[in-house]
Amino acid sequence: MSAAVLEAVPNFSEGREPAVVEEIVEAMRAAGADVLDWSMDPDHHRSVVTMMGPPPVVEEAAVAAARVALARIDLRRHRGVHPRIGALDVLPFIPLAGLTMEDARASARRVGRRLAEELGIPVFFYAQASDPPGRRLAELRRGGFEALAAGWPADRRPDLLPPAWPHPGAHPTAGAVCVGARPVLLAWNVYVGGVTFDDAAAIAAQIRERGGGFRGLRALALQLPRRDRLQISMNLEDLEATSPMEVFRRIETLVAERGGSVLETEVVGLLPDELVLSAAADRLRLTGATTRRLLSRRLAEHLVACDRPAL
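### A few points about the nonpolar core
Ranked by size, the top nonpolar core spans 57 residues in total, and within it Phe 12, Met 28, Met 51, Leu 91, Phe 93, Leu 115 and Val 179 carry the most contacts. Sort the elements by how many residues they give to this core and helix H2 (residues 55-72) lands first, with nine residues. Setting aside anything within four residues of it in sequence, one finds Leu 91 in contact with Ala 8, Pro 10, Ala 62, Val 111, Leu 115, Tyr 126, Val 177, Cys 178, Val 179 and Gly 180. With 25 residues, the next largest nonpolar core counts Leu 217, Ala 219, Leu 236 and Ile 251 among its residues.

### Re the packing of helix H7 (residues 244-257) against helix H8 (residues 273-284)
The contact between H7 and H8 brings their axes to 8 Å, and the two run at 65°. Between H7 and H8, the angle is such that the two are roughly perpendicular. Between H7 and H8, the contacting residues are Pro 244, Met 245 and Arg 249 on the first element and Glu 274, Leu 275, Ser 278, Ala 279 and Asp 282 on the second. Of the residues contributing to the contact of H7 with H8, the split by class is four nonpolar, one polar and three charged.

### Examining the sheet that holds strand E10 (residues 229-236)
With respect to topology, four strands assemble into an open sheet ordered E9-E10-E8-E11, the strand pairing being antiparallel. Looking at which strands have only one partner, the edges of the open sheet turn out to be strand E9 (217-224) and strand E11 (261-267). Averaged over all pairs of adjacent strands, the angle between strand axes in this sheet comes to 25°, irrespective of strand direction. Note: E9 against E10, eight bridges, orientation antiparallel. Counterpart to Leu 220 in the pairing with E10 is Ser 233. Each of strand E8 (186-193), E9, E10 and E11 touches H7; the most contacted strand, E8, lies at about 20° to it.

### A closer look at the environment of Val 177
Looking at the element boundaries, Val 177 is found in strand E7 (residues 177-181). Spatially, the C-alpha atoms of Val 177 and Glu 246 are 33 Å apart, while their sequence positions differ by 69 residues. Apart from residues no more than four positions distant in its own chain, Val 177 is found in contact with Leu 88, Asp 89, Leu 91, Leu 115, Ile 121, Pro 122, Val 123 and Phe 124.

### Observations concerning unusual backbone geometry
A negative phi holds for most residues other than glycine; trans holds for most peptide bonds. A cis geometry characterises the amide bond from Asp 131 onward to Pro 132, with omega recorded as -5°. Among the structural elements, Pro 132 can be located in the loop between strand E6 (123-127) and helix H4 (137-140). Even without glycine at this site, Ala 164 takes up a positive phi of about 50°. The topology assignment puts Ala 164 in the loop between helix H5 (146-149) and E7. Using a relative accessible area of 77% as the deciding quantity, one classes Ala 164 as exposed. One non-glycine residue, Asp 228, lies in the positive phi region at around 50°. Residue position: Asp 228 is located in the loop between E9 and E10.

### Thoughts on the pattern of salt bridges
This structure, assessed with the given rule, holds 25 salt bridges. For Arg 227, the salt bridge is made with Asp 41, and the minimal N-O distance between the two is 2.7 Å. Here Asp 41 lies in strand E3 (residues 34-41) and Arg 227 lies in the loop between E9 and E10, a separation of 186 residues in the sequence. Each of Glu 60, Arg 67, Arg 114 and Glu 118 takes part in one network of salt bridges that share partners.

### Looking at the packing of aromatic side chains
Summed over the entire model, instances satisfying the criterion amount to one aromatic pair. Both rings, one in Phe 124 and one in Trp 152, keep their centres 5.9 Å apart while their planes meet at 80°; by these two values the pair is edge-to-face. Here the residue Phe 124 occupies a position in strand E6, and Trp 152 occupies one in the loop between H5 and E7, the gap between them amounting to 28 residues. On the basis of relative accessible area, Phe 124 is assigned to the buried category, the value being 0%. A residue is classified by how much of its surface remains accessible, and Trp 152, at 11% relative accessible area, is buried. Sitting above the plane of the Phe 125 ring, Arg 109 keeps its charged end 4.1 Å from the centroid. A cation sits over an aromatic face here: Arg 229 above Tyr 191, 4.1 Å from the ring centre.

### What to know about the pairing of strand E4 (residues 46-53)
In the case of a regular strand, side chains alternate between the two sheet surfaces. Among the eight residues of E4, seven are classified as buried, and the element is accordingly described as predominantly covered. Here three bridges tie strand E1 (residues 5-8) to E4, and the two strands are oriented antiparallel to one another. Considered in E4, the bridge of Ala 8 is made with Met 51. In terms of strand pairing, strand E2 (residues 11-12) meets E4 through two bridges, oriented antiparallel. Looking across to E4, one finds that Phe 12 is bridged to Ser 47.

Analysis parameters
Think of each chain on its own: its residues are numbered from 1, step by step along the sequence as written. pLDDT decides what is reported in this predicted model: residues at 70 or higher carry local features, side-chain atom pairs at 80 or more are listed and counted, and totals for whole chains, interfaces and linings draw on all residues regardless. No hydrogens and no water enter the side-chain calculation; it runs on all heavy atoms of the structure. To qualify as a nonpolar core, a set must consist of buried Ala, Val, Leu, Ile, Met, Phe, Trp, Tyr and Cys residues joined through side-chain atoms within 4.5 Å. When a residue's accessible area, from a 1.4 Å probe over protein chains only, is under 20% of the maximum for its type it is buried; when over 50% it is exposed; and in between it is partly exposed. The way it works is that DSSP assigns letters per residue, a run of H or I at least four long becomes a helix, a run of E at least two long becomes a strand, and they are numbered from the N terminus. Between two residues, a contact is recorded if the distance between any of their heavy atoms is within 4.5 Å. To get an axis, fit a line to the C-alpha atoms, keeping to the stretch in contact for a helix; angles then go from 0 to 180 degrees between the N-to-C directions. By the definition adopted for this analysis, an angle is roughly parallel if under 35 degrees, roughly antiparallel if over 145, roughly perpendicular if from 65 to 115, and oblique otherwise. When residue character is reported, Ala, Val, Leu, Ile, Met, Phe, Trp, Tyr, Cys and Pro are called nonpolar, Asp, Glu, Lys and Arg charged, and the others, Gly included, polar. Two strands are counted as paired when DSSP detects at least two bridges linking them. Each salt bridge in this description consists of a side-chain nitrogen of Lys or Arg and a carboxyl oxygen of Asp or Glu lying within 4 Å of one another. Stacked, tilted and edge-to-face pairs are distinguished by plane angle, under 30 degrees for stacked and over 60 for edge-to-face with tilted covering the rest, among Phe, Tyr and Trp rings (Trp via its six-membered ring) whose centres lie within 6.5 Å. A ring is considered to have a charge above it if a Lys NZ or an Arg CZ atom is located within 6 Å of its centre and within 35 degrees of its normal.

Coordinates in, geometry out; function isn't part of it.
Put into structure tokens, the structure is as follows:
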């Protein structure tokens, strides 16, 4: 029997108090999860944690982290540039090894029920966990927490409400949580200079999928007041259909046409193999550069198939 490895990448609405995020991370570790990475952003006022392990362990760790977020984060005092509706804002589950997307969906559904029933947090399901699959985060987070605090919009009733729910809308301090199941994606930010915010917003609109741009790409322009920087913040949800380097080159071109330049690229969380492979193939003009030829991936597949731990 092969090993089953589930990943979760919860996003929390806290990016300025390290002690709070450290408490969240410690709750995950105490539940047995392997925490691979965590980061904070004060302008986004957001933290992102990456963990993995067997599904029961990751599910328990997600609930434990949500319990800390419920106790320590108050959205009534939260202001950041990133859209959010919850203290634990987004909770995606990703099947890494020995699991299918249906398994990840089942984990999302189980955890969603626990968040509603045990912690008293309203739940929306998104991506492959929604019915029908494919609901997008943008439609759930439109207007932010403030749009849900006084009551539920007609087009956004939560999928799960806590028992005997006394409030007309979201939880007064914790809001609501978006729980999903999805493949690996690339969350990244490109910092640009020498252009205006309107320029950056126009570029983001042009490259995103809904603007006729790249398949699977979500993009927003954000002004970061604490660092006085301009950022194009993106999620690339289909790494097989769209090359990250094609996106990056397009941004470079569009920024240069407006008299500016790309200053820096930041990846949130872990680096997907597809990003590194895409960059290497582009720079070195590699032929036959597919993920099936990545040594790290083939070794992981071999170890899972043989059901023996990696050294």
